[in-house]
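A look at the structure
So the chains spell out like this:
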Amino acid sequence: EVDKLAAGEKEEEEEEFDCSVPEVVNKYQFAGKVANAAIAKVQAECVVGKDVAELCLLGDSIINQELANVYKGKKIEKGIAFPTCVSLNNCCGHFSPLKEDSIQLKEGDVAKIDLGVQVDGYVALVATTVVIGTGDITGPAADAIMAAKTAAEVIIRCLKPGKKNVEITPLLEKCVEAYGCKAVDGVVSHQLKRFTTDGTKVITNKNVPGHQVEEATFEPHEAYAVDIVVSTGEGKCRELDTKCTVFKRAPDQKYNLKMKTAREALFKIEKAHPKMPFSLRDFDDPRVRLGITECVRHELLQPHPVLYEKDTEKVAQIKFCVLLMPSGPLKVTGLDIPENVKSDKQIEDEELIELLKQPIKAKKGKKKKEEEAKKE
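Residues numbered from 1 in each chain as written. Predicted model: local features only at pLDDT ≥ 70, side-chain atom pairs only at ≥ 80, totals over all residues. Heavy atoms only, no water.

Note on terminology: disulfide describes a covalent bond linking the sulfur atoms of two cysteines. This structure, assessed with the given rule, holds one disulfide. Between the sulfur of Cys92 and that of Cys237 lies a disulfide, 2.2 Å long from S to S. Taking the sign of the torsion about the S-S bond as the criterion, the disulfide between Cys92 and Cys237, at about -60°, is left-handed. Linking Cys92 in strand 2 (residues 91-93) with Cys237 in the loop between strand 8 (223-231) and strand 9 (238-239), this pair joins segments that are 145 residues apart in sequence. Residue Cys92 is classed as buried on the basis of its relative accessible area, which comes to 8%. According to the relative accessible area criterion, Cys237 is partly exposed, its value standing at 26%. Note on Cys19: no disulfide assigned, nearest cysteine sulfur contributed by Cys321 at a separation of 11 Å. Counting only cysteine sulfurs, Cys85 is the nearest neighbor of Cys244, a cysteine outside any disulfide, at a range of 9.6 Å. (Disulfide = S-S within 2.5 Å. Helix = DSSP H or I, 4+ residues; strand = E, 2+ residues; numbered from the N terminus. Buried < 20%, exposed > 50% of the residue type's maximum accessible area, 1.4 Å probe, protein only.)

Further remarks concern the environment of Arg287. On the secondary structure map, Arg287 appears in helix 7 (residues 286-297). On the basis of relative accessibility, which here comes to 41%, the residue Arg287 falls in the partly exposed class. Taking the C-alpha atoms as reference points, Arg287 and Ala81, separated by 206 residues in sequence, lie 24 Å from one another. Setting aside anything within four residues of it in sequence, one finds Arg287 in contact with Thr261 and Glu264. (Contact = heavy atoms within 4.5 Å.)

Note that every value here comes from positions in space, so none of it alone points to a role or purpose.
This is how it looks when you write it as structure tokens:
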């Protein structure tokens, strides 16, 4: 009993660390560096004819390679925090197909790349949107990408200690609507905590009737994953018959599994991916895959289903992670949207125009600089 208590206390102590601890910031930044490197390499390979399953495998293998060389010999958990997904056109996310269910990229496809890395439980998530082919990107695809990009610019300027999550949502709705788009229902930006990608504080991209978000105030030294998914349609996504391949162990669920294959599958999952989402790609054994179905049936695993907008619509996504530091927001992941995305729409709302003119980090005043010089 004593051991359990001690372990429990130790876990609680570990949980308390936030971004006021330099080592924590270092781990977020390192995980972020790996995530950015992986997504940039996947993006560079997004060309006509490329196989989506291969791209997903590439993203995952870059993460594992980059992490193999760090924190060696230390008992530090590190690995994929979200398996690489490449979701096309009207697919809203979580498309990470097995080889036999894969598709090839075509000219004009709107590809959302999404992945995540964790080092010692500190998570860095990132997503970006690319259009396959060369030349300027215009029309609905450009509108959706610019809507997501501009919404991201709005959020990072509002992520300040003392501000409230509910103040941001109306700004995001206005911003996305200016580009003739809608945010996708149910996508929220989450506070990050150690070993969790869905902390209690959230920012919703649009107010959905019946889905109230609890009001929360941002505090110094918190971490957030900002996730914006925008559609040229209504923003209502549904499951079709695409096979779900991304799952996560449901932390508090227990069930006495009868099938041996299911018990074996759960054992392997708990060993390899105890807390983070994983892909079926990691388990080649058909028995394990069969066992996973049983685990899902008994709610031991949470599926991340593949969701779709209407066929004719285009969906864009931008995701990045931010630490709320005293000097201002510190972005640890995120790629820039290329210059060749050209929407004929723009923001005309005065409040948004003023907000977007503001620098992300406040410039140091003369007084502050002098004080710092004195300290040195």
